[in-house]
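The lines below spell out each chain.
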Amino acid sequence: MDGANVPTMAPVLILLGPPGAGKGTQARMLQEAHGFVQLSTGDLLRAAVAAGTDAGKEAKAVMEAGGLVSDEIVIAILKDRLADPDCATGVILDGFPRTTGQAEALDTLLADTGQQINAAISLEVDDAAMVARISGRFTCGGCGEGYHDVNKPTRVLGICDKCGSSHMKRRADDNAETVGERLSAYHAQTAPLIAYYEGKGVLQSLDAMGDIKTIATTLSGMVRNAVG
Ligand code: AMP
């Protein structure tokens, strides 16, 4: 990474958890509450797929199958994004790292710029509930606000509470078969990161099965303590 472009000591927070745990929703709320930038590698990859870049072309089939995109592609995409000036206020990593290789690459990136991980927060959920959570979710195409058919519907059917757009999107990989693959990938490749961050003394965990606002309040307190 070009260290000159990266802010020194901007807080770095990681949200860990399986697909459907609420990482994206909570990261967005933390972004609003604390001013940190949500960095979702899933969003960055979907943008690359939509733009038809080489990385996007390579990632597309893997994402549709619910597998993990190669470390090489994901690390390169994240590295570029981290160098953007808006990351100077601090970042919340949502969906990254997902493998030990990515976690080690992140350590190297941060060491190069004198930064460190303030906290890796694991959102603890029951696997069995994740399929229902994921299959009901949708997002506003205008502002990116996340919703759920049951847990967080829009106040007016089909209209975004935040920006008034009626353009709602559902992800192609939010279907029952792909979700099964995504959960398997999480357990095989990402869950070991819980021990990885515990070993570094930055792991925190919270029960993420409750309602969104209660979780957000707890998480916000954890973040406040972690960034000092
Ligand atoms: P997400 O939006 O975080 O659920 O990610 C959607 C999909 O993008 C995943 O199922 C993976 O195929 C891919 N993806 C996102 N982040 C990563 C990552 N850090 N490493 C590998 N693949 C990723």
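Presented here is a report on the structure given in the accompanying data block. These numbers were taken from a predicted model, which means no experiment stands behind them.

### Here we look at the packing of aromatic side chains
Consideration 1: Tallying each qualifying case throughout the model produces 2 aromatic pairs.
Consideration 2: Between Phe138 and Tyr147, the aromatic rings sit 5.7 Å apart at their centres with planes inclined by 25°, giving stacked as the arrangement.
Consideration 3: Residue classification places Phe138 among the buried positions, given a relative accessible area of 10%.
Consideration 4: With centroids separated by 5.1 Å and ring planes inclined at 85°, the aromatic side chains of Tyr196 and Tyr197 adopt a geometry described as edge-to-face.
Consideration 5: The class of Tyr197 is buried, set by a relative accessible area of 0%.
Consideration 6: In this structure, Lys152 is placed above the aromatic ring of Tyr147, and the distance from its NZ or CZ to the ring centre is 5.2 Å.

### Overview of the site of the ligand
Consideration 1: Near the ligand lie 16 residues; those nearest to it are Thr41, Gly67, Gly95, Arg98 and Gln102.
Consideration 2: The side chain of Thr41 places a nitrogen or oxygen atom 2.8 Å from a nitrogen atom of the ligand.
Consideration 3: Interatomic distance of 2.9 Å between a side-chain N/O atom of Gln102 and a nitrogen atom of the ligand.
Consideration 4: It is helix H2 (residues 41-51) that contributes the most residues to the shell around the ligand, 4 residues altogether.
Consideration 5: Split by residue class, the shell around the ligand holds 6 nonpolar, 5 polar and 5 charged.

### Side note on the sheet that holds strand S2 (residues 37-40)
Consideration 1: Strand order in the open sheet formed by 5 strands is S2-S3-S1-S4-S8, and the pairing between neighbours is parallel. Looking along the sheet, the strands with just one partner apiece sit at the ends: S2 and strand S8 (203-207). Recorded for the sheet is a direction-independent mean angle of 25° between the axes of neighbouring strands.
Consideration 2: Across 4 bridges, strand S1 (residues 12-16) lies against strand S3 (residues 91-94) in parallel orientation. The residue of S3 that forms the bridge with Val12 is Val91.
Consideration 3: Sheet strands in contact with H2 are S2 and S3, and its direction is about 65° off that of S2.

### A few points about the packing of H2 against helix H4 (residues 71-82)
Consideration 1: Where H2 contacts H4, the two axes come as close as 10 Å, and the packing angle between them is 100°. In terms of axis orientation, H2 runs roughly perpendicular to H4. Contact residues: Thr41, Leu44, Leu45 and Ala48 in H2; Ile73, Val74, Ile77, Leu78 and Arg81 in H4.
Consideration 2: When grouped by side-chain class, the residues that make up the contact of H2 with H4 number 7 nonpolar, 1 polar and 1 charged.

### Considering unusual backbone geometry
Consideration 1: With omega at -5°, the peptide bond leading from Phe96 into Pro97 counts as cis.
Consideration 2: Positionally, Pro97 belongs in the loop between S3 and helix H5 (100-112).

Cut-off values and rules
Residues numbered from 1 in each chain as written. Predicted model: local features only at pLDDT ≥ 70, side-chain atom pairs only at ≥ 80, totals over all residues. Heavy atoms only, no water. Phe/Tyr/Trp six-rings, centres within 6.5 Å; stacked < 30°, edge-to-face > 60°. Buried < 20%, exposed > 50% of the residue type's maximum accessible area, 1.4 Å probe, protein only. Lys NZ or Arg CZ within 6 Å of the ring centre and 35° of its normal. Near = heavy atom within 4 Å. Polar contact = N/O pair within 3.5 Å; in protein donor to acceptor, adjacent residues only side chain to side chain. Helix = DSSP H or I, 4+ residues; strand = E, 2+ residues; numbered from the N terminus. Nonpolar A, V, L, I, M, F, W, Y, C, P; charged D, E, K, R; others polar. Pairing = 2+ DSSP bridges. Axes fitted to C-alpha atoms, helices over the stretch in contact; angles between N-to-C directions. Contact = heavy atoms within 4.5 Å. Parallel < 35°, antiparallel > 145°, perpendicular 65-115°, else oblique.

All quantities given are derived from atomic positions and should not be read as evidence of function.
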